[in-house]
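Listed below, chain by chain, are the residues.
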Amino acid sequence: MSESKRQNFTMLCDYYELTMANGYFKAGMADGITYFDMFFRNIPDGGGFAICAGLEQLIEYIKNLKFTDEDIEYLRSKGIFDEEFLEGLKTFKFTGDIYAIEEGTPIFPGEPIITVRAPAAEAQFIETYLLLAINHQSLIATKANRIVRASKGRAVAEFGSRRAQGADGAYLGARAAYIGGVNATACTISDRDFGVPATGTMAHAWVQMFDSEYEAFKTYCEIYPTNATLLVDTYNTLKSGVPNAIKVFKEVLLPKGITKCAIRLDSGDIAYISKKARQMLDEAGLTECKIVASNSLDEEIILALIRQGAEIDSFGVGERLITSKSTPVFGGVYKLCAREMPDGTIQPKIKISENAAKITNPHYKKVYRLYDKENGKAIADYIALYDEVIDENEPLELFDPEHTWKRKTITNFTVRELQVPVFIGGECVYTSPSVAEIRDYCLKEVDTLWDEVKRFQNPHNYYVDLSQKLWDIKHDLLRKASEQ
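All figures in this text were calculated on a predicted structure; none of them were measured in a lab.

A. Geometry of the pairing of strand β9 (residues 262-265). A two-sided burial pattern is seen for β9, the buried positions comprising Ala262 and Arg264 on one face and Ile263 and Leu265 on the other. Sheet topology places β9 next to strand β10 (residues 290-293); four bridges connect them, and they run parallel. Bridge pairing links Ile263 to Ile291 in β10. Handedness of the crossover joining β9 and β10 through helix α13 (residues 270-283): right-handed.

This is the structure in structure tokens:
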């Protein structure tokens, strides 16, 4: 596949985006200004928060939107699209506004992550890729952050490329995992393109390739004396693997003054084996030798290993991270929330469902995060109308949107608007930080959450509240709908 085709994802869309765009055109509605929100309803793994990621790829997609002659000819062959509509696709470009929560930010159900203000056909058309980009990377960043927190300060490397769902699952998954807090990846291309540090030493095949395990280890240490991590479980971890590693470290590395080395455990009872291996290494005087563990790990297994006193310095986590195996779907959705009328007024729109969790929050909105001035901890998120301003010098009443009698007045707080302008009038006004900067920002923002919100089991419910004005509009729309 050529580079130009690989980067042009214009036709990576649900077919109904095109039929609706054509329909808007035929109905004279294609240029009407609309407002859409992307949000999610449930946090993966029953966690207390998720991590936003994927914005940089969405930006590149919007910048590169372009229908080729080949694309248009394909659509013409379907026999249902208006010819004038097809001709218009030749000069199609995104002309609207996009506001987004920045990558690395902790996010919560119901709040707008991305808000799109654009002509109806444009806003509708970008839905598929927008959801694809944000859903996938937010899922992996969230899982990675759980695994990193479970590791309690021990380094974590992402090892999942070979079991990811496709090339982008590996490539962008490694990016998202780094945003979530992992230290490195085995995916080389993600280091080249994003600066995610690449890591890795040997596979079992290296050991099998030589006549003896000792020879395999010795050769490797001679070639890579400053990066010697030996995989010790090819034959028998405690009877041959660790003893041979010790012998080689002493023969090859120590005479060079090198004490930095490691062994990797990839099978067996890792808690038991790691403790025995640590004892053997220490008795041999190799107290600086690190122990790395891999083999189908996730946050629950890592927590269990640590509770059992496993002597592990770092973890390599593969398939269960890169696929978020325990919860493999993020579930973000993209819903119309308002239309702009010819006189410039904004008409709120609501989606109603018998499932109360699927009723949307209408209108053009802003989302704010409120922080306690004394300790810097996040108090709640607050969704308000686009023109509402919060005065930090005045008390603010918060209430549960479902159980409205639960109310609390807060003072001594600071306010931060979470969404930032990304596109204005079709032009990108946002400069994406480096992935390393996003990672650092993510770890800092997670620290603003209370420990109760970060619990792995039954976390505290972080509040996402509606302003009184927004709540009133929502329930007025619900009341009117019930009267029809």
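B. Expanded view of the sheet that holds strand β3 (residues 97-101). With respect to topology, seven strands assemble into an open sheet ordered β13-β12-β1-β5-β3-β19-β20, the strand pairing being antiparallel. The open sheet has two free edges, formed respectively by β13 (346-348) and β20 (427-428), since each of these has just one partner strand. Relative to strand β12 (residues 333-340), strand β1 (residues 33-39) runs antiparallel, the two being bridged by six bridges. Bridge pairing in β12 places Thr34 opposite Arg339. Sheet strands in contact with helix α3 (residues 55-63) are β3, β5 (114-119), β19 (419-424) and β20, and its direction is about 15 degrees off that of β19.

C. How the structure looks around the environment of Ser77. Examined against the element boundaries, Ser77 turns out to sit in helix α4 (residues 69-77). Expressed as a C-alpha distance, the spacing of Ser77 and Tyr129, which sit 52 residues apart in the sequence, is 23 Å.

D. Geometry of the sheet that holds β9. The strand order across the open sheet built from six strands is β7-β6-β11-β10-β9-β8, with neighbouring strands paired in parallel fashion. One side of each edge strand has no neighbouring strand; the edge strands of this open sheet are β7 (184-185) and β8 (229-231). As judged from the four bridges shared by strand β6 (residues 155-158) and strand β11 (residues 314-317), these two strands associate in the parallel manner. Residue pairing in the sheet places Ala155 in a bridge with Ser314 of β11.

E. Here's a closer look at helix α2 (residues 15-26). Here α2 is 12 residues long and its end C-alpha atoms lie 17 Å apart, about the 16 Å a rise of 1.5 Å per residue gives. All of the buried residues along α2 are Glu17, Leu18, Ala21, Asn22 and Tyr24. With its buried residues spanning 160 degrees around the axis, α2 presents them on a single face. Where α2 is buried, its residues touch α4, α5 (83-88), α6 (120-125) and α7 (127-150). Just beyond α2, the residue with positive phi is Gly28, at close to 75 degrees.

F. Structural view of the side chain of Glu103. Structurally, Glu103 is set in the loop between β3 and β4 (106-107). Since its relative accessible area comes to 5%, Glu103 is described here as buried. A polar contact of 2.6 Å, which involves the side chain of Glu103, links it to the backbone nitrogen of Gly54.

G. Structural view of the layout of surface pockets. What the largest pocket holds in volume is close to 1200 Å³. Elements with a minimum of two residues in the lining of the largest pocket: β6, β8, β9, β10 and β11. A total of four residues in the lining of the largest pocket trace back to one element, the largest contributor, which is β11. For the lining of the largest pocket, the per-class residue count stands at 17 nonpolar, 16 polar and nine charged. The calculated volume of the second largest pocket comes to roughly 970 Å³.

H. Main features of the pattern of salt bridges. Applying the stated criterion across every chain, the model contains 33 salt bridges. Notably, a salt bridge pairs Glu111 with Arg369, separated by 3.8 Å at the nearest N-O pair. Highlighted residues: Glu111 in the loop between β4 and β5 and Arg369 in strand β14 (residues 365-372), separated in sequence by 258 residues. Assigned by exposure class, Glu111 and Arg369 land together as buried. A single network of salt bridges, built from pairs that share partners, joins Glu73, Arg76, Glu83, Glu87 and Lys90.

I. Seen up close, α4. Every buried residue of α4 is accounted for by Asp71, Ile72 and Leu75. Buried residues of α4, seen end-on, are gathered within an arc of 95 degrees and therefore sit on one face of the element. α4 presents Asp69, Glu70 and Ser77 as exposed residues on the side facing more than 90 degrees away from its buried surface. Among the structural elements, α2 and α5 are those in contact with the buried residues of α4. Positive phi appears at Gly79, one or two residues downstream of α4, with a value of about 75 degrees.

Rules behind the numbers
- Residues numbered from 1 in each chain as written.
- Predicted model: local features only at pLDDT ≥ 70, side-chain atom pairs only at ≥ 80, totals over all residues.
- Heavy atoms only, no water.
- Buried < 20%, exposed > 50% of the residue type's maximum accessible area, 1.4 Å probe, protein only.
- Helix = DSSP H or I, 4+ residues; strand = E, 2+ residues; numbered from the N terminus.
- Pairing = 2+ DSSP bridges.
- Right-handed = clockwise from strand over helix to strand, strands pointing away.
- Contact = heavy atoms within 4.5 Å.
- Axes fitted to C-alpha atoms, helices over the stretch in contact; angles between N-to-C directions.
- Expected span 1.5 Å × (residues − 1).
- Arc of directions from axis to C-beta.
- Polar contact = N/O pair within 3.5 Å; in protein donor to acceptor, adjacent residues only side chain to side chain.
- 1 Å grid on protein atoms, 1.4 Å probe; cavity = no way out; pocket = protein on both sides within 12 Å on 5 of 7 lines; lining within 4 Å.
- Points joined across faces, edges and corners; volume = space filled by probe spheres on them.
- Nonpolar A, V, L, I, M, F, W, Y, C, P; charged D, E, K, R; others polar.
- Salt bridge = Lys/Arg side-chain N within 4 Å of Asp/Glu carboxyl O.

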